[in-house]
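Examination of the molecular architecture
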2 protein chains.
Amino acid sequence: MSQGLLFIVSAPSGTGKTTLIKRLVECVPGIVMSRSYTSRPARPGEVDGVDYTFVSDEQFTEMVEGDGFLEWAHIFGHRYGTSRSAINGYRSEGHDVVLVIDVQGAKQVRSRSDDAITIFVLPPSHQVLETRLRQRSGQDATEEELQTRLETARQEVAQSDGYDYVVVNDEIGRCVEQLQSIVVAERSRAAVVNETVDEILSAFQVIGD
Amino acid sequence: MSQGLLFIVSAPSGTGKTTLIKRLVECVPGIVMSRSYTSRPARPGEVDGVDYTFVSDEQFTEMVEGDGFLEWAHIFGHRYGTSRSAINGYRSEGHDVVLVIDVQGAKQVRSRSDDAITIFVLPPSHQVLETRLRQRSGQDATEEELQTRLETARQEVAQSDGYDYVVVNDEIGRCVEQLQSIVVAERSRAAVVNETVDEILSAFQVIGD
């Protein structure tokens, strides 16, 4: 069996990437979304093994020291990481895997898995992103906090040219179809389908002998 | 306007590539199939500018000497070629172009257009190809001629690993969808959609100033 593909999806906060990838995984057979490990406690309603794999601080440190993460980061005082053995497990069983991680995490993974396929999701415009971030922040966020988030988004968008693919999330159904096309195309790469070619070629040889 | 993409499709004779690409071009907006130039006379029912662009031997030679072809070849005593200026014309107007040419022609084009995207179409099996070739040859072909055609197909299939993508024409509707996905994915390449990124980024900068 050939090894599954590894897709990395990054997008500025407010682009709707999580909804998008959940829809993609529902539509496309043979692809799973990777679940992050985190050292933070579960919030009410969160389920271990569904939302995250929750581990203690000590367990997380052990995994870091044992090179158990493809990437990990501190976010708001807690640690989040992508388990190397979980990803390798899926892939060796022939499943494609999609990781939803930020620009820094994507860089870490690419440095360790040079066959990773990277996709950047853009908001349709600056204005839409600002509106979404305002809605999401609610009334609590100050104008300054909002500006900081927009500046972070700007810096992330500026790094999108290092990605293999760029898609715009203007309409979720259309954007899911575009992501689906990218998965189908990557599964059609000559390097990936070599087994099929070999089968057909060997039939020629058997008959030609 | 960004330049259109150039797709090259090759397949052994009997794979059904012409039907496949006609269907693709009907389904996908913004992509045209390139028409070959030939020095052979039109057959009954063939229309100049629809089936081929028919030129005289002298005109063909002039185009060869003026480096007017992206690729050209002798086939059964006549010459066939892909006009460089026709392809460049389509692409500069933003249209994607698909060329249906053989393995040798594909090599010539790639050496002159390193941005060409190459797709190889496989028959579903050796047996299906043999059946199709027998049907197409009719009763005129000797067993030896058929074996020669199968050997040519084998040599072509063996070169499919030099292509970017490999698809299997097991069922035409499914295969057209797969080709469509490859076109959509290639249109999503970061290098191709840079204008969108630039637009969104410049909106950030205008507002950030």
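Refer to the structure presented above.
Now for a look at the structure at hand. Quick caveat: nothing in here was measured; it's all calculated off a predicted structure.

1. Regarding the overall build of chain A
Assigned secondary structure in chain A consists of eight helices and nine strands. Along the first, second and third principal axes, the C-alpha set of chain A runs to 75 × 40 × 30 Å. When burial is assessed residue by residue, chain A has 37% of its 209 residues classed as buried. Within chain A, residue pairs in contact and separated by at least 24 positions form 69% of the contacts whose partners lie at least 6 positions apart.

2. Regarding the environment of A:D114
You can see A:D114 is positioned in the loop between helix 4 (103–112) and strand 8 (117–122). For A:D114 and A:L6, which are 108 residues apart along the polypeptide, the C-alpha to C-alpha distance reads 9.8 Å.

3. Let's talk about the interface of chain A and chain B
In this assembly, 32 residues from chain A lie in contact with 32 residues from chain B. Breaking the side of chain A that touches chain B down by element, the ones donating at least two residues are helix 6 (143–158), strand 9 (165–168), helix 7 (172–187) and helix 8 (194–208) of chain A. Residue classes in the side of chain A that touches chain B are distributed as 19 nonpolar, nine polar and four charged.

4. A look at the packing of helix 7 of chain A against helix 7 (residues 172–187) of chain B
Contact geometry for helix 7 of chain A and helix 7 of chain B: axes closest at 8 Å, N-to-C directions at 110°. The angle between helix 7 of chain A and helix 7 of chain B places the two elements in the roughly perpendicular class. Of the residues in helix 7 of chain B, those in contact with A:Q178, A:S181, A:I182, A:V184 and A:A185 of helix 7 of chain A are B:Q178, B:S181, B:I182, B:V184 and B:A185.

5. Examining the environment of B:T131
With respect to the helices, strands and loops of the structure, B:T131 is situated in helix 5 (residues 126–137). Distance from B:T131 to B:G14, taken between C-alpha atoms, is 8.9 Å for residues 117 residues apart in sequence.

6. Quick word on the relation of the copies chain A and chain B
Its rotation angle being 180°, the transformation that places chain A on chain B also includes 0.0 Å of axial translation and leaves an RMSD of 0.0 Å. In the structure described here, the two chain copies are related by an operation that fits a two-fold rotation axis. In terms of proximity to the rotation axis, the leading residue of chain A is A:S181, whose C-alpha is 2.1 Å off the axis. Both copies contact each other with a shared surface, as 100% of the interface residues of chain A are interface residues in chain B too.

7. Observations regarding helix 4 (residues 103–112) of chain B
Residue and element names in this part refer to chain B. Where helix 4 is concerned, the buried positions are V103, G105, A106 and V109. Relative to the axis of helix 4, the buried residues are bounded by an arc of 155° and lie together on one face. Away from its buried face by more than 90 degrees, helix 4 exposes Q104, S111 and R112. Where helix 4 is buried, its residues touch strand 1 (6–10), strand 5 (69–75), strand 7 (96–100), strand 8 (117–122) and helix 6 (143–158).

8. Focus on the sheet that holds strand 1 (residues 6–10) of chain A
Residue and element names in this part refer to chain A. Judged by pairing direction, the sheet is parallel, and its five strands sit side by side in the order 2-7-1-8-9 without closing on themselves. Every interior strand has two partners, whereas the edge strands, strand 2 (31–33) and strand 9, have only one. Taken pair by pair, the neighbouring strands of this sheet meet at an average axis angle of 25°, ignoring direction. Two strands pair when backbone bridges link them, and strand 8 and strand 9 are joined in this way by four bridges, in the parallel orientation. What sits directly across from I119, in strand 9, is Y165. Relative to strand 7 (residues 96–100), helix 1 (residues 17–27) is tilted by about 170°, and along the sheet it contacts strand 1, strand 2, strand 7 and strand 8.

9. Considerations on the nonpolar core
Counting residues in hydrophobic clusters, the biggest one holds 100 residues, and the most contacted among them are A:I119, B:V9 and B:I119. Non-local contacts of B:I119, meaning those with residues more than four positions away in its chain, are made with B:F7, B:I8, B:V9, B:Y163, B:D164, B:Y165, B:V167, B:L179 and B:I182.

10. Observations concerning the sheet that holds strand 4 (residues 53–54) of chain A
Within a beta sheet, neighbouring strands are joined by backbone hydrogen bonds and run either parallel or antiparallel to one another. Residues and elements named next belong to chain A. Taken in spatial order, the four strands of this open sheet run 4-3-6-5, and their pairing is mixed. The open sheet is flanked by strand 4 and strand 5 (69–75), the only strands paired with a single partner. Sheet topology places strand 5 next to strand 6 (residues 78–83); six bridges connect them, and they run antiparallel. Bridging across to strand 6, E71 finds its partner in T82. Packing against the sheet, helix 2 (residues 57–65) makes contact with strand 3 (37–38), strand 5 and strand 6, and its axis sits at approximately 135° to strand 5.

11. Re the environment of A:H126
One can find A:H126 in helix 5 (residues 126–137). Along the chain, A:H126 and A:A153 lie 27 residues apart, while their C-alpha atoms are 9.4 Å from each other.

12. Concerning helix 6 of chain A
Residues and elements named next belong to chain A. With 16 residues, helix 6 extends 23 Å from end C-alpha to end C-alpha; this agrees with the ideal 22 Å at 1.5 Å per step. Buried within helix 6 we find R149, L150, A153 and V157. The arc that holds the buried residues of helix 6, viewed along the axis, is 100°, so those residues lie on one side. Exposed residues on helix 6 whose side chains face more than 90 degrees from its buried face are E144, E145, T148, E151 and Q155.

13. Considerations on the packing of helix 5 of chain A against helix 6 of chain A
All names here are of chain A. Relative to each other, helix 5 and helix 6 sit at 135°, their axes nearing to 11 Å. The pairing of helix 5 with helix 6 is recorded here as oblique in orientation. Taken as a pair, helix 5 and helix 6 cross one another with a handedness that is right-handed. In contact with L129, E130, L133, R134 and S137 of helix 5, helix 6 contributes L146, R149, L150 and A153. Its residues assigned to classes, the contact of helix 5 with helix 6 comprises five nonpolar, one polar and three charged.

14. Section: unusual backbone geometry
Note on backbone geometry: most residues besides glycine have negative phi, and most peptide bonds are trans. All names here are of chain A. The residue D67 is not glycine, and still its phi comes out positive at about 55°. In this structure, D67 sits in the loop between helix 2 and strand 5. On the basis of neighbour count, D67 is assigned to the exposed category, with 9 C-beta atoms found within 10 Å.

15. Overview of the pairing of strand 6 (residues 78–83) of chain B
On any regular strand, side chains alternate: one points to one face of the sheet, the next to the other face. For strand 3 (residues 37–38) of chain B and strand 6 of chain B, the ladder comprises two bridges, and the chain directions are antiparallel. In the strand pairing of strand 6 of chain B, B:T38 is matched with B:Y80.

Conventions we followed
Residues numbered from 1 in each chain as written. Chains lettered and ligands numbered in written order. Predicted model: local features only at pLDDT ≥ 70, side-chain atom pairs only at ≥ 80, totals over all residues. Helix = DSSP H or I, 4+ residues; strand = E, 2+ residues; numbered from the N terminus. Buried ≥ 20, exposed ≤ 12 C-beta atoms within 10 Å, placed from the backbone. Contact = placed C-beta atoms within 7 Å. Nonpolar A, V, L, I, M, F, W, Y, C, P; charged D, E, K, R; others polar. Axes fitted to C-alpha atoms, helices over the stretch in contact; angles between N-to-C directions. Parallel < 35°, antiparallel > 145°, perpendicular 65-115°, else oblique. Least-squares fit on C-alpha atoms with pLDDT ≥ 70 in both. Arc of directions from axis to C-beta. Pairing = 2+ DSSP bridges. Core = buried A, V, L, I, M, F, W, Y, C linked by C-beta atoms within 7 Å. Expected span 1.5 Å × (residues − 1). Left-handed = near helix turned anticlockwise from the far one by under 90°.

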